[in-house]
Amino acid sequence: MKKFLLLVLFIVITVLIGGCEKQKAYTITFITNCDINNEEIIIISGDKINPPKEITKKDYIFLGWYYNDKLWDFDADIPTSNITLEAKWISNNTSITIEGPNRISLDESYTYTVVVENIDEEFEIEWTSEDETIAKIESKTGTIEPIKEGEVFINVKIKGNIFFFFYFSFLHSSCWC
């Protein structure tokens, strides 16, 4: 009987000690880059971060919260350490123009040029096609290669956000009027 009680006592103590193990906590720092104070929160390991309240900056458009220059996805990303999320902004005076025709024939490809004015930091442009069965697009260069007749929206993303999109038509060269 004593052995049984000692065994039960050992199991209870083991469970209690194991249950008292501390969970990891991470500090999440939000750098706003505007007049609103920076904020720190603490979350438990494995938890997602709730986005902070909406922030604004006069004459700027909020692009999102970034971790190491990558847009943070609050619905999917889970931190595994202390991190700093930084607000990224773009001037609402920023303008984007696409240089090149808005229709090309199926037997040619064309490299388009994006002209961005009034932007106050480095950026990367990413091109995407709404329908890659109509036109393939090289995401870093803007070279569009038509595949078949059709119409498609081409998106231009800056820092992961669709900032500009434009409409293209692709026809056989014999169909041009």
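This is a predicted model, so every value here is computed, not measured. (Residues numbered from 1 in each chain as written. Predicted model: local features only at pLDDT ≥ 70, side-chain atom pairs only at ≥ 80, totals over all residues. Heavy atoms only, no water.)

Moving on to the sheet that holds strand β2 (residues 39-44). Across the sheet, which stays open at both edges, the five strands sit in the order β2-β1-β5-β3-β4 with mixed pairing between neighbours. Two strands bound the open sheet, and with one partner strand each, they are β2 and β4 (70-71). The pairing of strand β1 (residues 25-31) with strand β5 (residues 83-91) spans four bridges and is parallel. Across the sheet, residue Phe 30 finds its bridge partner in β5, namely Leu 85. (Pairing = 2+ DSSP bridges. Helix = DSSP H or I, 4+ residues; strand = E, 2+ residues; numbered from the N terminus.)

Another point: the side chain of Thr 32. Mapped onto the fold, Thr 32 is located in the loop between β1 and β2. Those residues in contact with Thr 32 that lie beyond four places of it in its chain are Asn 37, Asn 38, Ile 55, Trp 65, Ala 87 and Trp 89. (Contact = heavy atoms within 4.5 Å.)

In this section: the nonpolar core. By size, the foremost hydrophobic cluster in this structure holds 14 residues, and its most contacted members are Ile 28, Phe 30, Ile 49, Trp 65, Phe 74 and Leu 85. Of all the secondary-structure elements, those providing two or more residues to this core are β1 and β5. Examining the composition of this core, we find that four residues originate from one element, β5, more than from any other. Residues within four places of Ile 49 in sequence aside, it is in contact with Ile 28, Phe 30, Ile 41, Ile 43, Trp 72, Phe 74, Pro 79, Ile 83 and Leu 85. With six residues, the next largest nonpolar core counts Ile 134, Ile 144, Val 152 and Ile 154 among its residues. (Core = buried A, V, L, I, M, F, W, Y, C linked by side-chain atoms within 4.5 Å. Buried < 20%, exposed > 50% of the residue type's maximum accessible area, 1.4 Å probe, protein only.)

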